[in-house]
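# An overview of the molecular structure
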There are 2 protein chains.
Amino acid sequence: MFKEEQIIKICKQNKWRLTEPRLEVLRIISHSKNPIKAYDILKKLANKIKNPKPPTAYRAIQFWQKHNFVHRIESLNAYQACSHGHSHAGAQFLICDDCGKVIESNLHEIPEILKKNTENKTFKPLRWNLEINGLCNQCS
Amino acid sequence: MFKEEQIIKICKQNKWRLTEPRLEVLRIISHSKNPIKAYDILKKLANKIKNPKPPTAYRAIQFWQKHNFVHRIESLNAYQACSHGHSHAGAQFLICDDCGKVIESNLHEIPEILKKNTENKTFKPLRWNLEINGLCNQCS
DNA sequence: TTTTTTATGTAATAATATAACATACAATAT
DNA sequence: ATATTGTATGTTATATTATTACATAAAAAA
Ligand SMILES: [Zn+2]
Ligand SMILES: [Zn+2]
Ligand SMILES: [Zn+2]
Ligand SMILES: [Zn+2]
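Residues numbered from 1 in each chain as written. Chains lettered and ligands numbered in written order. Predicted model: local features only at pLDDT ≥ 70, side-chain atom pairs only at ≥ 80, totals over all residues. Heavy atoms only, no water.

### A look at the coordination of the zinc ion (ligand 2)
Residues and elements named next belong to chain A. Put simply, the rule is: Any N, O or S atom lying within 2.8 Å of the metal counts as a donor, and for Na, K and Ca the limit rises to 3.2 Å; water is left out, so some sites can look incomplete. Square planar and octahedral sites, with four and six donors, are those where opposite donors lie more than 155 degrees apart and all other angles lie between 65 and 115, tetrahedral sites have four donors with every angle between 85 and 135 degrees, and the rest are irregular. Put simply, DSSP H or I for four residues or longer makes a helix, DSSP E for two residues or longer makes a strand, and each gets a number counted from the N terminus.
In this structure, C96 (SG), C99 (SG), C136 (SG) and C139 (SG) serve as the protein donors to the zinc ion (ligand 2), at separations of 2.3 to 2.4 Å. Given 4 donor atoms and angles of 106 to 112 degrees at the metal, the environment of the zinc ion (ligand 2) is assigned as tetrahedral. Summarised as a motif, the one-chain spacing of the donors to the zinc ion (ligand 2) is C-x2-C-x36-C-x2-C. Of this pair, C96 sits in strand 4 (residues 90-96) while C136 sits in the segment after strand 6 (124-135), placing them 40 residues apart in sequence.

### Some thoughts on the sheet that holds strand 2 (residues 70-73) of chain A
The strands making up a sheet are joined through hydrogen bonds of the backbone, oriented either antiparallel or parallel. Residue and element names in this part refer to chain A. Threshold: DSSP bridges decide pairing: two strands pair if at least two such bridges lie between them.
One open sheet holds the 3 strands; their spatial order is 1-3-2, and the pairing between them is antiparallel. Every interior strand has two partners, whereas the edge strands, strand 1 (36-37) and strand 2, have only one. Bridging between strand 2 and strand 3 (residues 78-81) involves 4 bridges; their strand directions are antiparallel. Paired with H71 across the two strands is Q80, which belongs to strand 3.

### Side note on the sheet that holds strand 6 (residues 124-135) of chain B
Put simply, the rule is: Simply put, an axis is a line fit to the C-alpha atoms, just over the touching stretch for a helix, and the angle between two N-to-C directions goes from 0 to 180 degrees.
The strand order across the open sheet formed by 6 strands is 5(A)-4(A)-6(A)-6(B)-4(B)-5(B), and the pairing between neighbours is mixed. Because the sheet does not close on itself, it has two edges, and the strands there are strand 5 (102-104) of chain A together with strand 5 (102-104) of chain B. Going across the sheet, the axis of each strand differs from the next one's by a mean of 20 degrees, ignoring polarity. Bridging between strand 4 of chain A and strand 5 of chain A involves 3 bridges; their strand directions are antiparallel. Pairing of I95 of chain A across the sheet is with V102 of chain A, part of strand 5 of chain A.

### What to know about the environment of L135 of chain A
Using the following cut-off: By definition in these notes, contact holds between two residues if any of their heavy atoms fall within 4.5 Å.
Inspection of the secondary structure assignment puts L135 of chain A in strand 6. Those residues in contact with L135 of chain A that sit more than four places away from it in its chain are C96, D98 and S140 of chain A together with T122, F123, K124 and L126 of chain B.

### Side note on the protein's contact with DNA strand D
Note the threshold: Throughout this document, a residue counts as near a molecule or strand when at least one of its heavy atoms sits within 4 Å of that molecule or strand. Whenever two N or O atoms come within 3.5 Å, that pair is a polar contact, provided that in protein one can donate a hydrogen and the other can accept it, and provided that, for residues adjacent in sequence, both atoms are side-chain atoms.
By nearness alone, 20 residues border DNA strand D, and K37, Y39 and R72 of chain A together with T19 and R59 of chain B come closest of all. The sugar-phosphate portion of DNA strand D accounts for 53% of its atoms within 4 Å of the protein, the bases making up the rest. A distance of 3.4 Å separates a sugar or linking oxygen of DNA strand D from a polar atom in the side chain of R17 of chain A. Between DNA strand D and the protein, one listed contact pairs a phosphate oxygen with a side-chain N or O atom of R72 of chain A at 2.4 Å. Among the elements of the structure, helix 3 (38-45) and helix 4 (54-66) of chain A together with helix 2 (20-31) and helix 4 (54-66) of chain B are those that each provide at least two residues to the surface near DNA strand D.

### Overview of the coordination of the zinc ion (ligand 1)
Residue and element names in this part refer to chain A. Rules: Here the term buried applies to any residue with accessible area under 20% of the maximum for its type, exposed to any over 50%, and partly exposed to those in between, with areas from a 1.4 Å probe on protein chains only.
The protein atoms donating to the zinc ion (ligand 1) are H71 (NE2), C82 (SG), H88 (NE2) and E104 (OE), with metal-donor distances spanning 1.9 to 2.2 Å. Note that the zinc ion (ligand 1) binds 4 donor atoms; their angles at the metal cover 104 to 128 degrees, and the shape is tetrahedral. Between the donor residues of the zinc ion (ligand 1), the gaps in sequence give the motif H-x10-C-x5-H-x15-E. In this pair, H88 is assigned in the loop between strand 3 and strand 4 and E104 in strand 5, connecting sequence segments 16 residues apart. Judged by relative accessible area, E104 falls into the buried class, the value being 6%.

### With respect to the protein's contact with DNA strand C
Worth spelling out the cut-off: Basically, the charged four are Asp, Glu, Lys and Arg, the nonpolar ten are Ala, Val, Leu, Ile, Met, Phe, Trp, Tyr, Cys and Pro, and anything else, Gly included, counts as polar.
Surrounding DNA strand C, one finds 20 residues, the nearest of these being T19 and R59 of chain A together with K37, Y39 and R72 of chain B. For DNA strand C, the backbone makes up 53% of the atoms found within 4 Å of the protein, where backbone means sugar plus phosphate. One of the side-chain N or O atoms of Y58 of chain B is found 3.1 Å from a phosphate oxygen in DNA strand C. Among the elements of the structure, helix 2 (20-31) and helix 4 of chain A together with helix 3 (38-45) and helix 4 of chain B are those that each provide at least two residues to the surface near DNA strand C. Residue composition of the surface near DNA strand C, grouped by class: 8 nonpolar, 4 polar and 8 charged.

### Focus on the packing of helix 2 of chain A against helix 3 of chain A
Residue and element names in this part refer to chain A. Quick note on the threshold: Crossing handedness is defined as follows: a turn of the near helix away from the far one that is anticlockwise and smaller than a right angle gives a left-handed crossing, while the clockwise case is right-handed.
It is the contact of helix 2 with helix 3, at a shortest axis distance of 10 Å, that shows an interaxial angle of 115 degrees. With respect to the hand of their crossing, helix 2 and helix 3 are arranged in right-handed fashion. Residues P21, E24, V25, I28 and I29 of helix 2 pack against I41, K44 and L45 of helix 3. In terms of residue class, the contact of helix 2 with helix 3 is built from 6 nonpolar, no polar and 2 charged.

### As for the packing of helix 2 of chain B against helix 4 of chain B
Residue and element names in this part refer to chain B. To keep things clear, this is the line we draw: When describing relative orientation, an angle under 35 degrees is termed roughly parallel and one over 145 degrees roughly antiparallel, while 65 to 115 degrees is termed roughly perpendicular and anything else oblique.
In the contact formed by helix 2 and helix 4, the axes pass within 9 Å of each other and the chain directions differ by 75 degrees. As judged from the angle between their axes, helix 2 and helix 4 are roughly perpendicular. Judged by residue contacts, P21, R22, V25, L26 and I29 of helix 2 engage T56, A60, I61, F63 and W64 from helix 4.

Structure (structure tokens):
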């Protein structure tokens, strides 16, 4: 997981505009223990900026998604900070059905498997998302 | 992909009630070339039964999902008929970014990889969903 | 400074999904 | 056959998730 400082630095280096709603949304997602939903982000955002509306939250989320600091957990409609550096073509998540914890796990074998299994089908993989449901060690 | 006859048979064998909305929804999903969205299913359903409401569609979709004849493509909010037999713990989908085609692909290696990579993390995987975006052979 | 690009504020609405409760139907037991 | 029970549907309303559209503001570039 990135510290705020590092992220600020990376944004400066890349000339990405780090505005107030963006920064606050990143903080909210980063500080959330489990994946957080857009409207919960919006609620928390109301503590920081005046009367924010959905587009404000969604735009900021999209910004961080685009730069790979935040992932969307599709099966949960929720967002979580990236824990593996800010750029990778594929992501794997271990989702605990009991406590809701989501562990981002880089299974490095996946990419090769994808290549092998898709080349012969002549499908060209560009990115992927693997969501694995089960029970975490706390809960099983 | 299952023929309607086979599905009717399987339902009888298992004493699953095959009602009109269920059968029509299955037909709509099965006959759709690409994954189809709930409200598009609902629209088509209106040609078959009188003035159906969202719960009618969603309940039928859920029924088929539960019995693994239909999958939800999470990143598309859309539903597609299973093409690999009516029960498996994990599913893999190749999604063409260009034409929208979704190929259900059973990469048999995945389960072992999951086991290997999650045992040492003591996460117990129960089911998984892998969505791979890219370009199909028609489009690349 | 002017122009252009990018981001935000705001209102409205679209798209996706479920809750709640009444009614109908099917399966089972008497 | 009839009563009882469980399951499915019909219907209204509402919750949840996300985007469109357009005006304003701020930053970057010319
Ligand atoms: Zn990540
Ligand atoms: Zn857990
Ligand atoms: Zn399948
Ligand atoms: Zn294609």
